Amino acid sequence: MALNGKHLIAGEWIGGSETFCNEPVDGPADNFFRGTEEHVNQAAVAAEDAFWSYGYSTCNDRACFLRTIADEIESRSQTIISMGAQETGLPKARLTGELGRTTGQLRLFANHIQNGVYLDRRHDEALPDRTPLPRVDLKMVQRPIGPVAVFGASNFPLAFSTAGGDTAAALAAGCPVVVKGHSAHPGTADIVAQAVEAAITKYSMHPGVFSQIQGGNRSVGYALVTHPNIKAVGFTGSLAGGRALFDLCASRPEPIPFFGELGSINPVFILPNALSSRGEKIARDWIASLTLGAGQFCTNPGIAIIVEGPDADRFAATAAQALSQVGEQIMLSEGILNAYRRGCQRLTDIAGIDVLHQGPSGLLYQATFGDWMTHETLGEEVFGPFGGIVTVSSVDQALDFARKLDGQLTCTLQLDEDDLAVAAKLLPVLERKAGRVLANGFPTGVEVCDAMVHGGPYPASTNFGATSVGTLAIRRFLRPVCYQDIPAQLLPNEFSAN
């Protein structure tokens, strides 16, 4: 299947004056046209035009469209997986699973919007005879907000990129999408965009319902989030990059919501009885979760908190040994590798921090609660196989540690039955710190389902009331509208949906 190497804008594959290359792990590089501000404008104008039809389409029509995108992606699965492996170095088995997740969430969202529950329809009937004042007829329903900008993620070339969760959620809601493809995997994005284009053609939809702009520089991202036609932004990436885009969205003449997932260290609290009874197993399992996919997951459990003592010493020794036995892995891009190296250097520059292991498999350090309070950098995410053990003097100090945490995507409790009293004190704190709280598991991996929350207080994400995974993600791109005494013939078709 041939690459276009171009931008898909309103049904046309468009080139430009400048090109860039991908950086495959092996084999020749491919050339792609670099995006410009004019490409952004063309895509955003087309998206606004598409909204007047797509935003008023039926749930059934959008559900069929989402399922067809999934079918078209699957029909190109071998080409997509091969290209993804070349561009990112990810194993084909991992990409096969990610492709399944991508098509699965498209179909899940299709099923979800067809049942109509997500619309939160409400009706307060008129009470003309009520005294002292009558009541008018009031109906409320969730309506799509307009075109949405989506930034492809570096670590998920499928599930968080061209036709990933943000795109699927926006399309399910009735919002056209403009994707800024990630420069780490433009070939993969190209093929997936071809799948979306095929689905648009099959259903004779307005071509502006989906566009993708490849490459570019910061000015392209700036043009996208500040374009007046764009009404929301979905982003997964670094804290620095996400915060810059968030500030741009807030400073627009018409501020718009920025749904950014920016990073997390995902602390794991290992309570005393669990540490005593199965600490060595927990240590090995923690390292396995920490290093999965070279640690390039936003839910990578980067910190373990334990009470100091002989059990803690055994835990640390076991974790260091387990890390030393992990094989070297390829990171997604040169930029990610360099950022990881800088993070490791920041850690080793801190005097008094005990580095338990550092090598091709990753870095593991040990610090005290006092170290943590002294050095803010210990609380910053380092994207990759990078973990820390923080020892506290008591469970009360563990509680103090929890209160001082920044916002997280996840917090985990490793506990036995005799730890329940301590866990009962920690849980109210942790639920204020994270969008997902786990017991006796590890957070790497996010299930796509109705109950999942992938988000949390800042800096984990920029909107603590939202999730970027699961069916609740669709609500990000909707807003409630109340209709007062509007004739039934004029109401949106959602009021007649099943």
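See the structure above.
Everything in this summary refers to the structure shown in the same document. (Residues numbered from 1 in each chain as written. Predicted model: local features only at pLDDT ≥ 70, side-chain atom pairs only at ≥ 80, totals over all residues. Heavy atoms only, no water.)

What follows is about the pattern of salt bridges. Where side chains of opposite charge bring their charged atoms close, a pairing between them can arise. Counted under the stated rule, the structure contains 17 salt bridges. A salt bridge links Glu254 to Lys231; the nearest nitrogen and oxygen atoms lie 2.9 Å apart. Placement of Glu254 in the loop between helix 8 (239-251) and strand 11 (258-261) and of Lys231 in the loop between helix 7 (218-226) and strand 10 (232-236) is noted, with a sequence separation of 23 residues between them. By relative accessible area, which is 21% here, Lys231 ends up partly exposed. The shortest N-O distance in the salt bridge between Asp247 and Arg243 comes to 2.8 Å. Of this pair, Asp247 and Arg243 both sit in helix 8, four residues apart, roughly one helical turn. Asp247 sits in the partly exposed class, given a relative accessible area of 36%. The partly exposed category is assigned to Arg243, whose relative accessible area is 34%. Salt bridges sharing common partners tie together Asp71, Glu74 and Arg107. (Salt bridge = Lys/Arg side-chain N within 4 Å of Asp/Glu carboxyl O. Helix = DSSP H or I, 4+ residues; strand = E, 2+ residues; numbered from the N terminus. Buried < 20%, exposed > 50% of the residue type's maximum accessible area, 1.4 Å probe, protein only.)

Bringing the nonpolar core into the picture now. If you look at the biggest cluster of nonpolar residues, it comprises 94 residues, and the most contacted ones within it are Phe269, Tyr365 and Phe477. Discounting residues that sit within four places of it in the chain, Phe477 has contacts with Arg143, Pro144, Ile145, Val148, Asp166, Ala169, Ala170, Ala173, Cys175, Ala232 and Phe259. (Core = buried A, V, L, I, M, F, W, Y, C linked by side-chain atoms within 4.5 Å. Contact = heavy atoms within 4.5 Å.)

Turning our eyes to something else, we now look at the sheet that holds strand 17 (residues 408-414). If you walk across this open sheet you meet the seven strands as 14-15-16-13-12-17-18, and the pairing is mixed. Among the strands making up the open sheet, the edge pair consists of strand 14 (354-359) and strand 18 (434-439). In this sheet, adjacent strand axes meet at a mean angle of 15° when their direction is disregarded. Pairing of strand 12 (residues 268-270) with strand 17, which is carried by three bridges, proceeds in the parallel orientation. Looking across to strand 17, one finds that Phe269 is bridged to Leu413. (Pairing = 2+ DSSP bridges. Axes fitted to C-alpha atoms, helices over the stretch in contact; angles between N-to-C directions.)

A few words now on the layout of surface pockets. If you add up the space inside the second largest pocket, you get close to 250 Å³. Taken together, 16 residues form the lining of the second largest pocket, with Phe51, Tyr56, Pro144, Ile145 and Arg479 sitting closest to its centre. The set of elements that each furnish at least two residues to the lining of the second largest pocket consists of helix 1 (37-54), strand 6 (138-144) and strand 19 (478-484). Tallied by class, the residues present in the lining of the second largest pocket amount to 11 nonpolar, one polar and four charged. (1 Å grid on protein atoms, 1.4 Å probe; cavity = no way out; pocket = protein on both sides within 12 Å on 5 of 7 lines; lining within 4 Å. Points joined across faces, edges and corners; volume = space filled by probe spheres on them. Nonpolar A, V, L, I, M, F, W, Y, C, P; charged D, E, K, R; others polar.)

Between the first and last C-alpha of helix 3 (residues 77-88) there are 16 Å, a value that for 12 residues agrees with the 16 Å anticipated at 1.5 Å per step. The complete set of buried residues in helix 3 reads Ser77, Ile80, Ile81, Met83, Gly84, Ala85, Glu87 and Thr88. Of the residues flanking the end of helix 3, it is Gly89, one or two places downstream, whose phi is positive at about 80°. (Expected span 1.5 Å × (residues − 1).)

Tracing the backbone shows Gln194 in helix 6 (residues 186-202). A residue is classified by how much of its surface remains accessible, and Gln194, at 11% relative accessible area, is buried. Engagement of the side chain of Gln194 in a polar contact is seen with the backbone oxygen of Ala2, the distance being 3.1 Å. (Polar contact = N/O pair within 3.5 Å; in protein donor to acceptor, adjacent residues only side chain to side chain.)

The next subject is the packing of helix 4 (residues 92-114) against helix 5 (residues 165-173). Direction vectors running N to C along helix 4 and helix 5 enclose 25°, while the axes themselves pass 10 Å from each other. What the angle tells us is that helix 4 and helix 5 run roughly parallel. With respect to the hand of their crossing, helix 4 and helix 5 are arranged in right-handed fashion. Each of Gln105, Leu106, Phe109 and Ile113 in helix 4 lies in contact with helix 5, whose residues at this interface are Gly165, Ala168, Ala169 and Ala172. Of the residues that constitute the contact of helix 4 with helix 5, the class distribution is six nonpolar, two polar and no charged. (Parallel < 35°, antiparallel > 145°, perpendicular 65-115°, else oblique. Left-handed = near helix turned anticlockwise from the far one by under 90°.)

Right, let's talk about unusual backbone geometry for a bit. The step from Thr131 to Pro132 runs through a cis peptide bond, and the omega angle for that step is 5°. Position of Pro132 among the secondary structure elements: in the loop between strand 5 (122-124) and strand 6. Along the chain, Tyr458 connects to Pro459 via a cis peptide bond; the corresponding omega equals 10°. With respect to the secondary-structure elements, Pro459 resides in the loop between strand 18 and strand 19. In this structure, Ser204 is a non-glycine residue whose phi angle is positive, near 50°. Within the secondary structure, Ser204 sits in the loop between helix 6 and strand 9 (210-213). Although it is not a glycine, Asn266 sits at a positive phi angle of roughly 45°. On the basis of relative accessibility, which here comes to 0%, the residue Asn266 falls in the buried class.

Reading across from one edge, 5-6-19 is the order of the three strands in this open sheet, with antiparallel pairing throughout. The open sheet is flanked by strand 5 and strand 19, the only strands paired with a single partner. Each neighbouring strand pair of the sheet contributes to a mean axis angle of 25°, computed without reference to strand direction. Here strand 5 pairs with strand 6 via three bridges, running antiparallel. Among the inter-strand pairings, Asp124 is bridged to a residue of strand 6, identified as Leu138.

Of note, Thr167 is situated in helix 5. Not counting residues within four places of it along the chain, the set of residues in contact with Thr167 comprises Val150, Ser161, Thr162, Val177, Val179 and Phe210.

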